[in-house]
Amino acid sequence: VVLDCEWEGSPGKDAIVDHITANLVASGWAEDAVKVIAIEPELENWLWQDKPQVADALGYQEDKPLRQYLADRGMWPIGLAKPPRPKETAEWVLKQTRKPRSSAIYQKLAEHISIRGCTDAAFAEMHAAFLAWFPMEVEA
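Report on the accompanying structure. Just so it is clear, the structure is predicted and the values come from calculations on it, not from any experiment.

## Considerations on the overall build of the protein
Now for step 1: Each helix and strand counted, the protein has six helices and two strands in total.
Now for step 2: Seen through its C-alpha atoms, the protein measures out along the principal axes to roughly 55 × 50 × 30 Å.
Now for step 3: In the protein, which comprises 140 residues, the proportion classed as buried is 33%.
Now for step 4: Sequence separation of 24 or more characterises 62% of the internal contacts of the protein that already satisfy a separation of 6 or more.
Now for step 5: When the accessible surface of the protein is summed, it comes to about 9100 Å², and 55% of that surface belongs to carbon and sulfur atoms.

## What to know about the pattern of salt bridges
Now for step 1: With the rule as written, the count across this model stands at seven salt bridges.
Now for step 2: Between Glu6 and Arg85 there is a salt bridge; the shortest N-O distance is 2.5 Å. Placement of Glu6 in the loop between strand 1 (2-4) and helix 1 (13-26) and of Arg85 in the loop between helix 3 (66-72) and helix 4 (86-97) is noted, with a sequence separation of 79 residues between them.
Now for step 3: Arg85 sits in the partly exposed class, given a relative accessible area of 34%.
Now for step 4: The structure contains a network of salt bridges with shared partners spanning Glu6, Arg85 and Glu88.

## Some details on the packing of aromatic side chains
Now for step 1: Taken as a whole, this structure holds four aromatic pairs when the rule is applied.
Now for step 2: A centroid spacing of 5.9 Å and a plane angle of 35° characterise the contact between Tyr69 and Trp92, whose relative ring orientation is tilted. Of this pair, Tyr69 sits in helix 3 while Trp92 sits in helix 4, and the two are 23 residues apart along the sequence.
Now for step 3: On the basis of relative accessible area, Tyr69 is assigned to the buried category, the value being 16%.
Now for step 4: The rings of Tyr60, Tyr69 and Trp92 are connected pair by pair, giving a single aromatic cluster.
Now for step 5: Directly above the aromatic system of Tyr69 lies the positively charged group of Arg73, at a separation of 3.6 Å from the ring centroid.

The rules behind each value
Residues numbered from 1 in each chain as written. Predicted model: local features only at pLDDT ≥ 70, side-chain atom pairs only at ≥ 80, totals over all residues. Heavy atoms only, no water. Helix = DSSP H or I, 4+ residues; strand = E, 2+ residues; numbered from the N terminus. Buried < 20%, exposed > 50% of the residue type's maximum accessible area, 1.4 Å probe, protein only. Contact = heavy atoms within 4.5 Å. Areas by Shrake-Rupley, 256 points an atom, 1.4 Å probe, with all protein chains shown as cover. Salt bridge = Lys/Arg side-chain N within 4 Å of Asp/Glu carboxyl O. Phe/Tyr/Trp six-rings, centres within 6.5 Å; stacked < 30°, edge-to-face > 60°. Lys NZ or Arg CZ within 6 Å of the ring centre and 35° of its normal.

Written as structure tokens, this is what we have:
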């Protein structure tokens, strides 16, 4: 189960994970077959990497790099790996570029950005779970 942590009345990441995990186990799932990933603060956190592919997917085409453009506006302070408000930042960029929000943006990013560049802890946790459940055989 993968879900955002941020919504009105959210009890926080740990409470969300504990509650959903307990419910899944109580309904018959084996504990080692369950993984609940709560993304802090929200799914859009995964799209943010300081890569030109992100700017391209969001329709940003200015001369100044997107990272610097957002830093100049206080939306992605220098020194932070991600904007503090990832969803709002993505929506703001899309509004500026007049590009409609769609799943195609995430598909485009998934096709062109390596997971090696992702620093998000929730994504790393999900990736580790997939590797544990579906080990890849490496040819010698």
